[in-house]
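Listed below, chain by chain, are the residues.
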Amino acid sequence: MFRIVITGANRGIGLELARARHEHNDIVALVREPSDELRALGARIIDGVDVTDQASVEAAAAELEDVDVLINNAGLLRSSSLAHLDWPSIEAQMQVDAFGPLRVSAALAPKIKDGGKIAIVTSRMGSLADNTSGGAYGYRMSKCAVNMVAVSLSRDLASRGISVGLVHPGFVRTQMTGGNGHIDPDAAAAMIWERIDELDLENTGTFWHANGEVLPW
Ligand SMILES: NC(=O)c1ccc[n+]([C@@H]2O[C@H](COP(=O)([O-])OP(=O)(O)OC[C@H]3O[C@@H](n4cnc5c(N)ncnc54)[C@H](OP(=O)(O)O)[C@@H]3O)[C@@H](O)[C@H]2O)c1
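Residues numbered from 1 in each chain as written. Predicted model: local features only at pLDDT ≥ 70, side-chain atom pairs only at ≥ 80, totals over all residues. Heavy atoms only, no water.

Caption draft 1: Examining the site of the ligand more closely. In the vicinity of the ligand there are 28 residues, among which N10, R32, Y139, V172 and T174 approach most closely. The separation between an oxygen atom of the ligand and a polar side-chain atom of R32 is 2.7 Å. V121 places a polar main-chain atom, nitrogen or oxygen, 3.4 Å from an oxygen atom of the ligand. When the ligand is considered free in solution it has 890 Å² of accessible area, and contact with the protein chains removes 93% of it. The set of elements that each furnish at least two residues to the shell around the ligand consists of α1 (12-22) and α5 (137-157). Across the shell around the ligand, the residue classes tally to 11 nonpolar, 13 polar and 4 charged. (Near = heavy atom within 4 Å. Polar contact = N/O pair within 3.5 Å; in protein donor to acceptor, adjacent residues only side chain to side chain. Areas by Shrake-Rupley, 256 points an atom, 1.4 Å probe, with all protein chains shown as cover. Helix = DSSP H or I, 4+ residues; strand = E, 2+ residues; numbered from the N terminus. Nonpolar A, V, L, I, M, F, W, Y, C, P; charged D, E, K, R; others polar.)

Okay, structure coming up:
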């Protein structure tokens, strides 16, 4: 039985990542507020965890031991076009999407077993090479930055046998997309789990589409 810690597991992709592995593993959901669906799952819940808040993240880390897999899933998407740059929302996305996974990974790293895994649910909108349409300043910058976080984590944690992967889930029908998308969260979660299962020290630091395609930086 693996101990799997997932941020933002109260809804959307995070909830389905938890549901997919709940039966045979020890899932720990780090959330701000548990949802009824998460409660119904019966997973262990640590609430009051805001990935932008150092104290709440440290308090959660203090309750954890022997973590096999950490999934940084919590994320925030707000629109920000060149004509309407909303600085508070750009800063909020940097806090949640870029600094959040670094804060959580750093706090939990001592609690992750040697040989464990860290996954970060990123977005191909953070790809420099794939940016053909511009816009989305806060989201693109924050996901680009978190891609760098993952590569540095992969280097820093390799000596402990901990591998780190970046996974773009696809265009998924969640609250984040207003219910628009190509796939449902359970299908995205299944593919993300395939990538995490394949993650090892040979491919650590890779940026994947959940479908297995390696994405350009
Ligand atoms: N859906 C897509 O098409 C798509 C595409 C590319 C990448 N992604 C990425 O996939 C991940 C999951 O997104 P989703 O589609 O499932 O979105 P979602 O339904 O909007 O869920 C977002 C999750 O993040 C949590 N969260 C937001 N801010 C937080 C904070 N400050 N502290 C702790 N938790 C926080 C939310 O918790 P609350 O309920 O407390 O707000 C919620 O659990 C995100 O990283 C997103 O960027 C999604």
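Caption draft 2: Structural view of unusual backbone geometry. Even without glycine at this site, D66 takes up a positive phi of about 50°. Relative to the helices and strands, D66 resides in the loop between α3 (54-62) and β4 (67-72). According to the relative accessible area criterion, D66 is partly exposed, its value standing at 45%. (Buried < 20%, exposed > 50% of the residue type's maximum accessible area, 1.4 Å probe, protein only.)

Caption draft 3: Structural context of the pattern of salt bridges. Under the definition given, this model contains 13 salt bridges. Through salt bridges with shared partners, a single ionic network connects E16, R19 and E37. (Salt bridge = Lys/Arg side-chain N within 4 Å of Asp/Glu carboxyl O.)

Caption draft 4: The arrangement of the pairing of strand β1 (residues 3-7) in detail. The buried fraction of β1 is high, at 4 of 5 residues. The pairing of β1 with strand β2 (residues 26-30) spans 5 bridges and is classified as parallel. Paired with V5 across the bridge in β2 is V28. Note that the unit made of β1, α1 and β2 has a crossover that is right-handed. Strand direction decides the pairing type here: β1 and β4, joined by 3 bridges, are parallel. (Pairing = 2+ DSSP bridges. Right-handed = clockwise from strand over helix to strand, strands pointing away.)

Caption draft 5: Representation of the sheet that holds β4 in the model. Here 7 strands make up an open sheet; going across it, the order is β3-β2-β1-β4-β5-β6-β7 and the pairing parallel. In this open sheet, the two strands that pair with only one neighbour each are β3 (44-46) and β7 (207-209). In this sheet, adjacent strand axes meet at a mean angle of 20° when their direction is disregarded. Summarising the sheet, strand β5 (residues 112-121) and strand β6 (residues 163-168) pair through 5 bridges and their orientation is parallel. Considered in β6, the bridge of I118 is made with V164. Strand contacts of helix α6 (residues 185-198): β1, β4, β5, β6 and β7, with the helix running at about 135° to β4, the strand carrying the most contacts. (Axes fitted to C-alpha atoms, helices over the stretch in contact; angles between N-to-C directions. Contact = heavy atoms within 4.5 Å.)

Caption draft 6: Focus on the nonpolar core. With 32 residues, the main nonpolar core has V5, L108, I118 and I120 as its most contacted residues. Elements with a contribution of two residues or more to this core: β2, α3, β4, α4 (87-108), β5, α5 and β6. A per-element tally of this core places α5 first, with 5 residues. Filtering out sequence-adjacent residues up to four positions away, I120 remains in contact with N72, P101, V146, V149, A150, L153, G165, L166 and V167. Formed by 25 residues, the second largest nonpolar core is a distinct cluster that contains A43, V121, A188 and A210. (Core = buried A, V, L, I, M, F, W, Y, C linked by side-chain atoms within 4.5 Å.)

Caption draft 7: Main features of α3. Considered for burial, the residues of α3 that qualify are S56, V57, A60 and A61. The arc that holds the buried residues of α3, viewed along the axis, is 140°, so those residues lie on one side. Across from the buried face of α3, at angles greater than 90 degrees, the exposed residues are A55 and A62. Buried positions along α3 lie against β2, β3 and α4. (Arc of directions from axis to C-beta.)

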